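The residues making up each chain are set out below.
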Amino acid sequence: MICFDRLWETMRKKGVSTYFLREHAGIDSKTIRRLRANDNTETKTLSKLCEALGCSLEDIAEYIPDNKG
């Protein structure tokens, strides 16, 4: 699974709110809810996040194996 815990940590470190993402990066509330739930998201959204936060993909997401066997 792709986990977005790093996104929230990066935002905290940079003092960025979800309001900033909505108003300045064009990320809508529905997409923010999906990110909080670690749901699928488009690569276009990941690009917007990296650009808005001035970071790389590794700063906002990580792959965690399911361990289902």
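Structure: see above.
Predicted model, so just to flag it, every value in this text is computed and none were measured. (Residues numbered from 1 in each chain as written. Predicted model: local features only at pLDDT ≥ 70, side-chain atom pairs only at ≥ 80, totals over all residues. Heavy atoms only, no water.)

Engineer: For this particular structure, what's the right way to read the packing of aromatic side chains?
Structural biologist: Geometry of an aromatic ring pair is reported as the spacing of the ring centres plus the angle between the planes. One pass over the full model with this rule turns up zero aromatic pairs. Across from the ring centre of W8, 4.2 Å away, lies the NZ or CZ of R36, which sits over that ring. (Phe/Tyr/Trp six-rings, centres within 6.5 Å; stacked < 30°, edge-to-face > 60°. Lys NZ or Arg CZ within 6 Å of the ring centre and 35° of its normal.)

Engineer: Teacher, can you tell me more about the nonpolar core here?
Structural biologist: Within soluble globular proteins, side chains that are nonpolar generally end up buried alongside one another. Judged by nonpolar contacts, the single largest core of 17 residues is most densely connected at L7, L21 and I60. Where this core is concerned, the elements lending two or more residues are α1 (5–14), α3 (29–36) and α4 (43–53). Considering every element that reaches this core, the biggest residue donor is α4, with four residues. Dropping the residues within four chain positions of it, L21 is found in contact with M11, V16, G26, I27, I32, L49 and A52. (Core = buried A, V, L, I, M, F, W, Y, C linked by side-chain atoms within 4.5 Å. Buried < 20%, exposed > 50% of the residue type's maximum accessible area, 1.4 Å probe, protein only. Helix = DSSP H or I, 4+ residues; strand = E, 2+ residues; numbered from the N terminus. Contact = heavy atoms within 4.5 Å.)

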